[in-house]
Amino acid sequence: MTVSGEAFTRQMLFLKDRLMPLETLVSGLSRGDHLIPKKAVVTFDDGYVDLYTRAFPLIQKFRIPAALFLITGWVGREGFLSWEMVREMSREGVTFGSHSRNHSYLPSLPSRERLLEEIRGSKKELEDHLGERTKFFSYPLGGFSDVIKEMVQEAGYEAAVTTNRGEKNAGRDCYALSRIKMTEKSTSRWVLLAKSSGYYEHFKRKKKPY
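K.L.:
Where do I start with the overall build of the chain in this structure?
P.N.:
Check the secondary structure of the chain and you find 7 helices and 5 strands. The order of α-helices and β-strands along the chain, N terminus first, is α-α-β-α-β-α-β-α-β-α-β-α. Taken against the 2.2 N^0.38 rule, which gives 17 Å for 210 residues, the C-alpha radius of gyration of the chain at 16 Å falls within 12% of a compact globule. Here the C-alpha coordinates of the chain stretch approximately 45 × 35 × 30 Å along the principal axes. Burial analysis of the chain (210 residues in total) assigns 46% to the buried set. Look at the contacts in the chain between residues 6 or more apart in sequence, and 63% of them connect residues 24 or more apart. Summing over all exposed atoms, the chain offers an accessible surface of approximately 11,500 Å²; the carbon and sulfur share of this is 52%.

K.L.:
Explanation requested: helix H2 (residues 22–31) in the structure shown.
P.N.:
In an α-helix, one full turn covers 3.6 residues, which means residues spaced three or four apart are oriented alike. Where H2 is concerned, the buried positions are Leu22, Leu25, Val26, Gly28 and Leu29. Take H2 and look down its axis: the buried residues cluster within an arc of 160 degrees, on one side only. Relative to its buried face, H2 has exposed residues pointing more than 90 degrees away, namely Ser30 and Arg31. Buried residues in H2 make contact with strand S2 (66–70), strand S4 (136–138) and strand S5 (159–161). Backbone geometry just after H2 places glycine 32 at a positive phi near 80 degrees.

K.L.:
I'm lost on the packing of helix H1 (residues 5–15) against helix H3 (residues 50–62) in this one. Help?
P.N.:
To describe two helices that pack against each other, one gives the angle between their axes and the distance between the axes. Orientation of H1 relative to H3, taken along the N-to-C sense of each, is 25 degrees, at an axis distance of 11 Å. With respect to H3, the element H1 is oriented roughly parallel. The way H1 lies across H3 gives a crossing that is right-handed. Contacts between H1 and H3 involve Gly5, Glu6, Phe8, Thr9, Met12 and Leu13 on the former and, on the latter, Arg54, Ala55, Leu58 and Phe62.

K.L.:
What should I look at first to understand the side chain of arginine 18 in this one?
P.N.:
Here arginine 18 is to be found in the loop between H1 and H2. Setting aside anything within four residues of it in sequence, one finds arginine 18 in contact with Lys38, Lys39, Ala40, Leu193 and Ser196.

Each value, and the rule that gives it
Going along each chain's sequence as written, the residues are numbered from 1 onward. Since the coordinates come from a predicted model, pLDDT governs what is reported: local features require at least 70, and pairs of side-chain atoms require 80 or more to be given and counted, while whole-chain, interface and lining totals use all residues. The basis for the side-chain values is all heavy atoms of the structure; hydrogens and waters are excluded. Only runs of H or I of at least four residues qualify as helices and only runs of E of at least two qualify as strands under DSSP, and these elements are numbered from the N terminus. The reference for a compact globule is 2.2 Å times residues^0.38; the radius of gyration itself is calculated from the C-alpha atoms. The cut-offs for exposure are 20% and 50% of the maximum accessible area for each residue type, with area from a 1.4 Å probe on protein chains only; residues under the lower value are buried, those over the upper are exposed, and the others partly exposed. Residues count as neighbours in contact if any of their non-hydrogen atoms are within 4.5 Å of one another. Here the Shrake-Rupley method, with its probe set to 1.4 Å, supplies the accessible areas, and only the displayed protein chains count as covering residues. This arc corresponds to the set of directions leading from the helix axis out to the C-beta atoms. Every angle, taken between N-to-C directions, lies between 0 and 180 degrees, and every axis is a line fitted to C-alpha atoms, over only the stretch in contact when it is a helix. Convention used here: angles under 35 degrees read as roughly parallel, angles over 145 as roughly antiparallel, angles from 65 to 115 as roughly perpendicular, and any remaining angle as oblique. Handedness of a crossing is defined here by the sense of rotation of the near helix relative to the far one, left-handed for an anticlockwise turn of less than a right angle and right-handed for a clockwise turn.

So, in structure tokens, the structure goes:
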């Protein structure tokens with residue numbers, strides 16, 4: 001779930017000419033554009049403080065168009081970003097999305113009200129603190145359902161990302177965008193070529209969405 005600054009640097013040096021903002025990807029998918037092969041989007045989840053102390057300087061150095069999904073109820077806790085850090089990163093071009101309020105596994109929540117608190121409540125918190133519309137959502141632990149996807153769309157999000165869940169080759173569903181995990185070992189040229197090839201997911205066994 002984490003990589004060192006050294007591994008992150010090597011990954012970004014490899015990917016820097018392939019990167020696009022999440023907004024560009026989603027806009028293209030929404031229009032039905034033919035996507036350019038071997039492009040990549042950099043995303044982070046949760047909002048640990050080392051995103052500010054370790055990753056943010058590298059994001060600035062390499063001009064990475066990064067997206068960071070916050071657990072809004074954890075902002076300000078020990079070991080997590082403060083709202084002051086979040087606002088500074090936002091001013092410097094980092095895109096912020098919601099990763100729910102409490103990191104609850106959404107398919108297990110007992111009521112629509114609890115789902116709304118996680119989906120809509122986190123969106124409102126972000127918008128109140130940043131003064132701009134929050135467009136993107138990340139499902140905690142990757143879990144979602146058709147009903148949850150509909151609720152995310154109805155809340156006003158333009159897209160949502162998951163982990164290794166959903167259907168293979170479903171990359172054009174803006175509310176179930178699968179992502180590829182980068183680990184400490186994802187630093188060799190061959191591993192990075194494989195993960196950025198566009199074919200990596202064909203060989204991965206997908207988990208169920210829920």
